[in-house]
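Coordinates in review
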Amino acid sequence: MPAAGSEGEEGPAGEQPGPGTPKLCGYLQKLSGKGPLRGFRSRWFVFDPRRCYLYYFKGPQEPLPLGHLDIASACFSYHQPEAGAAAAGDEPAAFEVHSPGGAVTVLKAATRQDMTYWLQELQQKRWEYCNNLDAAKRDSRTSPTPSDFSKGLVAKDSPDLSILSQNASAERARNILAVEASPTDLVGEQAASQPAPVQASAINFSLKQWSTEIKNSMSSLRKGSNDNRKSVFYTTEEWELLDPTPKDLEDSMALEEKRKHLAEGNKGLTSSAFPFDFGRIPHKARRPLKDMIGSSKNRTSSDSSPTEWCSGSGSRLVSELQLKYQSQQEELEKLKKDLLSQKELVRLLQQTVRSSQYDKYFASHLCEGVPKDTLELLHQKDDQILGLNNQLEKLTLEKDSLQQEVKNLKCKVGELNERLGMLMETIQAKDEVIMKLSRQLSECEDSTSSQSGAMHSPTATCSNKELQELDRLKDNLQGYKTQNKFLNKEILELSALRRNAEAREREWQAKYTSLEAKLCQIESKYLILLQEMKTPVCSEDQSPAREVITQLLEDALKAEPSEQPEQAFFKPHLVSEYDIYGFQTVPEDDEEEKLVAKSRALDLRSLSLSENREISTGVKWENYLASTMNREMIRCVELKNLIRAGIPHEHRSKVWKWCVNLHVKKFKDSAVPGYFQTLLQKALEKPNPASKQIELDLLRTLPNNKHYSSPTSEGIQKLRNVLLAFSWRNPDIGYCQGLNRLVAIALLYLEQEDAFWCLVAIVEVFMPRDYYTKTLLGSQVDQRVFKDLMSEKLPRLHAHFEQYKVDYTLITFNWFLVVFVDSVVSDILFKIWDSFLYEGPKVIFRFALAVFKYKEEEILKLQDSMSIFKYLRYFTRTILDARKLTAIAFGDLNPFPLRQIRNRRACHLEKVRLELTELEAIREDFLRERDTCVEKRDLISDDEEDS
């Protein structure tokens, strides 16, 4: 990445970095904690250009940030280390970030080079963001912020407010004072694969953000569930306590018994001086008592001497005790052998007794009336059973003996390990002695050599010290020069930013004054009108009320004149000619419709201003997107709730693209690279039957949107490309009227290829088969399903329609076919599309029912079919409160299972197919009768008339 100075020379300071610009991220150490826990902790920092925030995470893979620093309102300086640290040469690359509230954050880079790079980049990002503050802070409903978009036609709208011009002298000074710096491996996206620099004396755990630490830990534990795992924001997952299995209980009980017996044995040996449970230490071998005494005796006999005792009688007493102990050990061994032989004898006798008892019982009770062959066979089986039992007992004894041998071997291994440890300690002590003697020898040699060259050493030592001191002073001088340039640049930038802030404040004050003056004029006219309406003082022909009303209408509908760029900021634009999506707000032909449209636009403006006061949704989106800076977005409950509330204008392009890729991933993975371009090339070279109809419908798609209003509009060419490519991908459909509007809406936020895959997701993933074919079979089925849902969810309204025989599916058919395009106001339309692209076609049913429930009482007041049908043709345009409509769709209409919709689709599909078959049969009969009857030859069908 180039340094700040080179970036300033390449383009204007307010220009946003392109998509190829590397992301500013990397490892820094943050000073935190209090008292003895205060120290530097390694953190992963990521800069977010949307809000000019510097987020810091515990590591690159953590989903939640521990906090953030507001770089837009911060200033930077070098960190002055404490006296002890400076003397020790510590903290060579630390700097401070001063926040507006007086908080100071100390950050430390791995090297001074990294520190210089971070400071230069943060300065540059702050400069770019603050100089673009006018564009970012202006009315978001007029046009989008250019830096927030990289895709779609809406992104290319030019802002209608002027940005403050840059000071050329300030730019030149900034470029001169810029310090060239390049990052190391600990800065940039590649640093995520590097190990974090660890501070040896610091605990890498934040007590202040303990809840975030726990959430991050839980998230890392649940990574195995991939896309289906819950997120850490609003989890509703319940932890289930499972009962242990019987096998686990048996193992745990056996382990506890072993530990208990071992603890009792240790208590008998060591009394109460060592209360530790040595059974828990895996590398300590557990030896029987006699082996421990024997090893102790061996060590005593090898390491001690009789001279340690006070008298000769003591030594004789010890020898006698040892002889007695040996004799008792021999007797104990003999007794053990006798005991084993006796046990074997008893076992054999018991087997003999059991066999004899069995034979006696068998002979006395079972021999009567039993064939001899059967008795012999039973005797053989009994003999085999006894033999197998004997073998089993022998194998059991062998197993016990082998286990005893294993225990003995383990004891020997433990003794060998102890001896090995003693030998290692001895070798280490000898090595230390050798090193000590070697140092003494080298000191003696140095002292002899120094005595011989005593005359030459003072001069050489002085010259070396002077050279070292000179190098140190040069390094300090260079460091102070760099620091001086940085601080001068910081002062220059802060002064320029302060002047820009003052200019912005003056302009906002002027805009406020202009708005207040206009409000006073309108209030004055309305007061005159109200007074005249209350107590008229003139005749009806000469009433001033007519003049006031005429003047108010002229002012409301008057086209606003073009102004100079420097005056554009002061002019209060309450309603623009086009909204942020490019749709015309006020029509030009009908004056009455123009007045209604402007009134509707003012109501929408009022709702948007009231929504802007509540920033909870925007904050939730910023927090969620901050959590995805180090990982991919996944499907989860909190994302669904956020999308239902509406995607913010600046993030819609990114989220839409992610939703489309989520649904068409299997298609894109199976497609060859450049699939869309290949289809487009085929369509341009070999026109298909759909090309003609596509050309006819291009200008009829969205004539009230400036991106599709003329043949030279950019959106027209993109729309043509996407529709032609899709007609080649899906020749069964080719082109159907309605697809053009779906693509036109997608192109407002997506590029051509993404809009193509969006159409594939809608036609081939979301909607049933035959939804956009010639018969529109799927669309007809959905209208019948919707009728069922109306009778279930809104029974009063459904009965009202049935009473007056109003077929409302004539209105709703287009809602389903083009997903409410040209049916509702643009704000509500795009919020419907947000949920539609994430959840699928069930959203259409939800919002169609919600629209009727929103106006249910008004419709019920209408008492004839003509007025009802007339009202249904325009009533959706009168719904302006998107929040209320969303609450009805996703709250009041629950439960809303998708399985129910699928079952009803399957049921109605068969009925519609039968009806279409009957109609086709009637059509064939008509054609056959027309051909045979001379009187009916002049009759033609609708399809023949169209062709």
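A brief look at the structure comes next. Every chain begins its residue count from 1, and numbering advances along the sequence as written. Totals for whole chains, interfaces and linings use every residue, but because this is a predicted model, local features are given only for residues with pLDDT of at least 70 and side-chain atom pairs only at 80 or more, for both listing and counting. Only hydrogens and water are set aside; all other atoms, that is, all heavy atoms of the structure, feed into the side-chain values.

**Brief notes about a nonpolar patch on the surface**
The test is simple: Candidates for patches are residues over 30% relative accessible area with no salt bridge; among them, like charges are joined within 9 Å and nonpolar side chains (Val, Leu, Ile, Met, Phe, Trp, Tyr) within 5 Å. The Shrake-Rupley method, run with a 1.4 Å probe sphere, supplies the accessible areas, and residue values consider only the shown protein chains as cover. Criterion for a salt bridge: a side-chain nitrogen of Lys or Arg within 4 Å of a carboxyl oxygen of Asp or Glu. Helix numbers and strand numbers start at the N terminus; a helix is a DSSP run of H or I with at least 4 residues, a strand a run of E with at least 2.
Residues Leu 420, Met 424 and Ile 427 make up a contiguous nonpolar surface patch of about 300 Å² in total accessible area. Counting through the fold element by element, Met 424 comes out in helix H10 (residues 372–452).

**Regarding the pairing of strand S1 (residues 25–32)**
In plain terms, the rule: Relative accessibility thresholds used throughout: buried, under 20% of the residue-type maximum; exposed, over 50%; partly exposed, between the two (1.4 Å probe, protein chains only). Should DSSP find at least two bridges between two strands, the strands are regarded as paired.
Burial analysis of S1 places eight of its eight residues in the buried class, which makes it a mostly covered element. In S1, alternate side chains face the same way, and those of Cys 25, Tyr 27, Gln 29 and Leu 31 on one face and Gly 26, Leu 28, Lys 30 and Ser 32 on the other are all buried. As judged from the eight bridges shared by S1 and strand S2 (residues 39–48), these two strands associate in the antiparallel manner. Bridge assignment links Gln 29 to a residue of S2, and that residue is Ser 42. Connecting S1 to the antiparallel partner S2 that follows it, the hairpin turn spans six residues, and Gly 33 within it adopts a positive phi of roughly 95°. As paired elements, S1 and strand S7 (residues 104–108) share two bridges and run antiparallel to each other.

**Considering the pattern of salt bridges**
Under the definition given, this model contains 21 salt bridges. A salt bridge links Glu 393 to Arg 347, with the shortest nitrogen-to-oxygen separation between them at 2.5 Å. Taken together, the residues Glu 393 in helix H10 and Arg 347 in helix H9 (residues 312–365) connect sequence positions 46 residues apart. Several salt bridges converge on common partners, so that one network encompasses Glu 344, Arg 347 and Glu 393.

**A closer look at the packing of aromatic side chains**
The test is simple: Aromatic pairs are defined between Phe, Tyr and Trp rings, using the six-membered ring for Trp, whenever the two ring centres lie within 6.5 Å; interplanar angles under 30 degrees are classed as stacked, those over 60 as edge-to-face, and all others as tilted. Here, a charge over a ring means that NZ of Lys or CZ of Arg falls within 6 Å of the ring centre while also lying within 35 degrees of the ring normal.
The full count for this structure, using the stated rule, is 31 aromatic pairs. For the ring pair Trp 621 and Tyr 624, a centre distance of 6.5 Å and an interplane angle of 85° mean the geometry is edge-to-face. Separated by three residues within a single helix, Trp 621 and Tyr 624 lie in helix H15 (residues 616–627), roughly one turn from each other. Take Trp 621: its relative accessible area is 0%, and that puts it in the buried class. Taking 6.3 Å as the distance between ring centres and 55° as the angle between the ring planes, the aromatic pair formed by Tyr 675 and Phe 756 counts as tilted. Highlighted residues: Tyr 675 in helix H19 (residues 675–685) and Phe 756 in helix H23 (residues 752–766), separated in sequence by 81 residues. As far as burial versus exposure is concerned, Tyr 675 and Phe 756 are alike and both buried. Three or more aromatic residues joined by ring pairs form one cluster here, namely Phe 786, Phe 801, Tyr 808, Trp 815, Phe 816, Phe 820, Phe 845, Phe 852, Tyr 871, Tyr 874 and Phe 875. Taking the ring centre of Phe 40 as reference, the NZ or CZ of Lys 108 above it sits at 4.4 Å. Taking the ring centre of Phe 667 as reference, the NZ or CZ of Arg 729 above it sits at 5.3 Å.

Remember, this is a structural readout, not a statement about activity or role.
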